[in-house]
Amino acid sequence: MANLSRPDAIRLFACGIPLLMFTAASCSQKHSPIAEPIAKAYGLDSYGQVDAIRYTFNVEFPGVKASRSWAWEPKTGQVSYEGRDKDGKPVTATYVRSKLDSQPANVKDDVDPGFVNDQYWLLFPLHVYWDTSADVQDKGMQQVPLGSGSAKLISVKYPSDGGYTPGDTWNLYVGKEGRVEQLAYQRGGSKKPSVVLATWEGYKKAGPLLISTEHRGTADGQPLRISFSNVSVKLKGSDTWVDAQ
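Residues numbered from 1 in each chain as written. Predicted model: local features only at pLDDT ≥ 70, side-chain atom pairs only at ≥ 80, totals over all residues. Heavy atoms only, no water.

## Thoughts on the pairing of strand β11 (residues 195-199)
Here comes step 1: Of all five residues in β11, four are buried, a share of seventy percent or more.
Here comes step 2: The pairing of strand β10 (residues 180-186) with β11 spans five bridges and is classified as antiparallel. Bridging from a neighbouring strand, Q186 pairs with V195 of β11.
Here comes step 3: Where β11 and strand β13 (residues 209-219) come together, three bridges link them in antiparallel fashion. The partner of L197 across the bridge, within β13, is T218. (Buried < 20%, exposed > 50% of the residue type's maximum accessible area, 1.4 Å probe, protein only. Helix = DSSP H or I, 4+ residues; strand = E, 2+ residues; numbered from the N terminus. Pairing = 2+ DSSP bridges.)

Put into structure tokens, the structure is as follows:
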């Protein structure tokens, strides 16, 4: 299971990159039986085979076009990053998340929050199961927020205390085979954006993991596109990267 300790939030961070951050799971609580089949569809049962994940997070928002590249070892917590700061200067970093306090300010305040954000976009259906502090409910078949059609609405509400914006709600519109088709976010606080709507498409398999590589929609009515490129995994016992396809 991923060990993420940052609080929950969605906001425009650094270069205007939309940032999603959530409350970490509590080991004293039980996993949601509603979330389990969704997580299984995305590779939950074989997640332990993954030694490393590599990917580039890309975002396009009015006035913003940026990318961040990551290599993450879930079992050791090591993160390697390549990107640019708010002034456009190249930034690289390699660190272990359990030793984050010993890192420079830019790693603690900029790089690691960016890692949490991007990794959640990549693996959110797994985090719905991992994050046992969230209240997960099946709302039945509902109209999707973008376009026409309907899907099963799985509502994921985070705690009302702690984090940047307590009480955030994530509505997953789940279609066939447990795949998320769309996501609707509602902020619990007054910070912006208040509402984010996004598709989940461009599905690819990276080893045992199912990844949605394309998200198109809006953030408070403004066009938003988030995509993943160069996605690959390194499996247990192998030094070879397996590309998503």
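Anyway, onward from the coordinates.
## Structural notes on the pairing of strand β9 (residues 169-174)
Here comes step 1: With six of six residues buried, β9 is to be regarded as a mostly interior element.
Here comes step 2: Side chains T169, N171 and Y173 of β9 all project onto a buried face; the interleaved residues W170, L172 and V174 project onto the opposite face, where all are buried too.
Here comes step 3: Pairing between β9 and β10: six bridges, direction antiparallel. Paired with W170 across the two strands is Y185, which belongs to β10.
Here comes step 4: The hairpin turn running from β9 into β10, its antiparallel successor, is five residues long, and E177 in that turn takes a positive phi close to 60°.

## Looking at the nonpolar core
Here comes step 1: Ranked by internal contacts, the top residues of the largest apolar core, which has 60 residues, are I53, F124, L126, V156, L172 and L209.
Here comes step 2: The dominant element in this core, judged by the number of residues it contributes, is helix α2 (residues 105-130), at 13 residues.
Here comes step 3: Judged by nonpolar contacts, the second largest core, of six residues, contains A151, L153, A184 and L197. (Core = buried A, V, L, I, M, F, W, Y, C linked by side-chain atoms within 4.5 Å.)

## Points about the pattern of salt bridges
Opposite charge on two side chains makes pairing possible when the charged atoms of those side chains draw close.
Here comes step 1: Within this structure, the stated rule accounts for nine salt bridges.
Here comes step 2: Ionic pairing is found between E36 and K40, a salt bridge with its closest N-O pair at 3.9 Å. Here the residue E36 and the residue K40 both occupy positions in helix α1 (residues 35-41), the gap between them amounting to four residues, near one helical turn.
Here comes step 3: The class of E36 is partly exposed, set by a relative accessible area of 29%.
Here comes step 4: Using a relative accessible area of 36% as the deciding quantity, one classes K40 as partly exposed.
Here comes step 5: A salt bridge links E60 to R225; the nearest nitrogen and oxygen atoms lie 3.4 Å apart. Separated by 165 residues along the polypeptide, E60 in strand β3 (residues 50-61) and R225 in strand β14 (residues 222-235) bring together distant segments of the chain.
Here comes step 6: According to the relative accessible area criterion, E60 is partly exposed, its value standing at 35%. (Salt bridge = Lys/Arg side-chain N within 4 Å of Asp/Glu carboxyl O.)

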